[in-house]
Amino acid sequence: MNELKLSKRLETVAKYIPEHAVLADIGSDHAYLPCYALLNGLAKRAIAGEITDGPFNSAKNQVERLELSELISVRKGDGLEVVKCGEADAITIAGMGGALIADILEKGKDKLEGVRRLILQPNIHAYHIREWLYKENYELLDEEILEEDGKFYEVLAASPGDKDRPYKGIDFEIGMLTGPFLSKEKNAVFIKKWSRELHHLEGIYRGLENAAPSAENQQKQEDILKRMKQLKEVLDRG
Ligand code: SAM
């Protein structure tokens, strides 16, 4: 992977960058995504934010090597603190857990005014992001699921709008868990991911059945049973 040829995962993220965006890529690592966005005319300017020294230096070197320093500002800091209010109109946060992405958005909420598109790519637990988007009145515009190198990834694109629109006519909890668009489309990757998760939960459930009874155990079993029922429902649906 490099700034010219992204991974399938980052290429999917890039697809949702709106035209002429001023992009803030948070947790940018090598800054491949903002460099690609600039070189391909997707963004007109970008900020690459990094909290860790190593990736921050990689991003700086990469941007300098490509002579993009006038268009991409590489900044060191935690989450959205590197962005000034009104500076960016599109934000990408990719390659982290859903809880961390939701936390970065929550902590940096004041920086989101004027942002017209959020493109978020959790490696796990995408429901944390869907819950945050719903709470903050963002409308999920589209979702994709993909498999690369044996791992499943989800990409969520959202804008300020009608938070209820994607969940109309579907079970809300199942939509939050598996994705309103993804659960309607139910493609082969979706089926593979959630069948695997169902199998995993069945194993945990069997283990709990054989464990010493306790109130905590009972609660866990109930929670897992509920989750298994939801997954069966979405997987069995025609
Ligand atoms: N976004 C790139 C991608 O998708 O390929 C890099 C993903 S890498 C696994 C996650 C990066 O996010 C790391 O470089 C890490 O230092 C950075 N990171 C984690 N938490 C962060 C935060 N709160 N603020 C900024 N960067 C963060």
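Nothing here was measured: the structure is a model prediction, and the numbers come from that model.

Scoring rules and cut-offs
Residues numbered from 1 in each chain as written. Predicted model: local features only at pLDDT ≥ 70, side-chain atom pairs only at ≥ 80, totals over all residues. Heavy atoms only, no water. Helix = DSSP H or I, 4+ residues; strand = E, 2+ residues; numbered from the N terminus. Rg over C-alpha atoms; globule rule 2.2 N^0.38 Å. Buried < 20%, exposed > 50% of the residue type's maximum accessible area, 1.4 Å probe, protein only. Contact = heavy atoms within 4.5 Å. Areas by Shrake-Rupley, 256 points an atom, 1.4 Å probe, with all protein chains shown as cover. Lys, Arg positive; Asp, Glu negative; His and termini not counted. Charge placed at Lys NZ, Arg CZ, Asp CG, Glu CD. Domains from an automatic or database assignment. Buried area = accessible area lost by both parts, 1.4 Å probe. Salt bridge = Lys/Arg side-chain N within 4 Å of Asp/Glu carboxyl O. Polar contact = N/O pair within 3.5 Å; in protein donor to acceptor, adjacent residues only side chain to side chain. Nonpolar A, V, L, I, M, F, W, Y, C, P; charged D, E, K, R; others polar. Arc of directions from axis to C-beta. Expected span 1.5 Å × (residues − 1). Pairing = 2+ DSSP bridges. Right-handed = clockwise from strand over helix to strand, strands pointing away.

## Focus: the overall build of the chain
Helices and strands together make up the secondary structure of the chain, namely nine helices and seven strands. What you see for the chain is a C-alpha radius of gyration of 19 Å, in line with the 18 Å of a compact globule of 238 residues. Across the 238 residues of the chain, 50% fall into the buried class. Considering only contacts in the chain between residues 6 or more positions apart, those separated by 24 or more positions represent 68%. For the chain, the exposed area adds up to about 11800 Å²; of that, 49% sits on carbon and sulfur atoms. Computing the positive centroid from 34 side-chain charges and the negative centroid from 41, the chain places the two 2 Å apart.

## Some points on the domain arrangement of the chain
One can read the domain layout of the chain as domain 1 (8-169) and domain 2 (189-236). Here the C-alpha centroids of domain 1 and domain 2 sit 32 Å apart. Carbon and sulfur atoms supply 64% of the area buried between domain 1 and domain 2, which totals about 580 Å² over both sides. Linking domain 1 to domain 2 there are two salt bridges. One salt bridge in this structure joins lysine 192 and glutamate 147, with 3.1 Å as the shortest N-O distance. At the boundary of domain 1 with domain 2, the tally comes to two residue pairs in polar contact (both at pLDDT 80 or more). Of all the secondary structure elements, the ones that give two or more residues to the side of domain 1 that touches domain 2 are β6 (138-148) and β7 (151-160). For the side of domain 1 that touches domain 2, the class distribution of residues is three nonpolar, one polar and two charged.

## Some details on helix α4 (residues 98-107)
Taken residue by residue, α4 has Gly98, Ile101, Ala102, Ile104 and Leu105 as its buried positions. The arc that holds every buried residue of α4, seen down its axis, measures 160 degrees, which confines them to one face.

## Re helix α3 (residues 53-65)
Given a rise of 1.5 Å per residue, 13 residues ought to cover 18 Å, and the 18 Å separating the end C-alpha atoms of α3 matches this to within 8%. Three or more residues of α3 are buried, namely Pro55, Phe56, Ala59, Gln62 and Val63. The arc enclosing the buried residues of α3, seen along the axis, measures out at 130 degrees, which places them on a common side. Just downstream of α3 lies glutamate 67, where phi reads positive at about 55 degrees.

## Quick notes on the pairing of strand β5 (residues 117-122)
Side-chain direction in a regular strand flips from residue to residue, so the side chains alternate between the two faces of the sheet. With six of six residues buried, β5 is to be regarded as a mostly interior element. The alternating pattern of β5 places Arg117, Ile119 and Gln121 on one face and Leu118, Leu120 and Pro122 on the opposite face, and all of these are buried. Two elements, strand β4 (residues 90-96) and β5, share six bridges in a ladder whose sense is parallel. For isoleucine 93, the partnering residue across the bridge sits in β5 and is leucine 120. In this view, the connection linking β4 to its parallel neighbour β5 by way of α4 has right-handed handedness.

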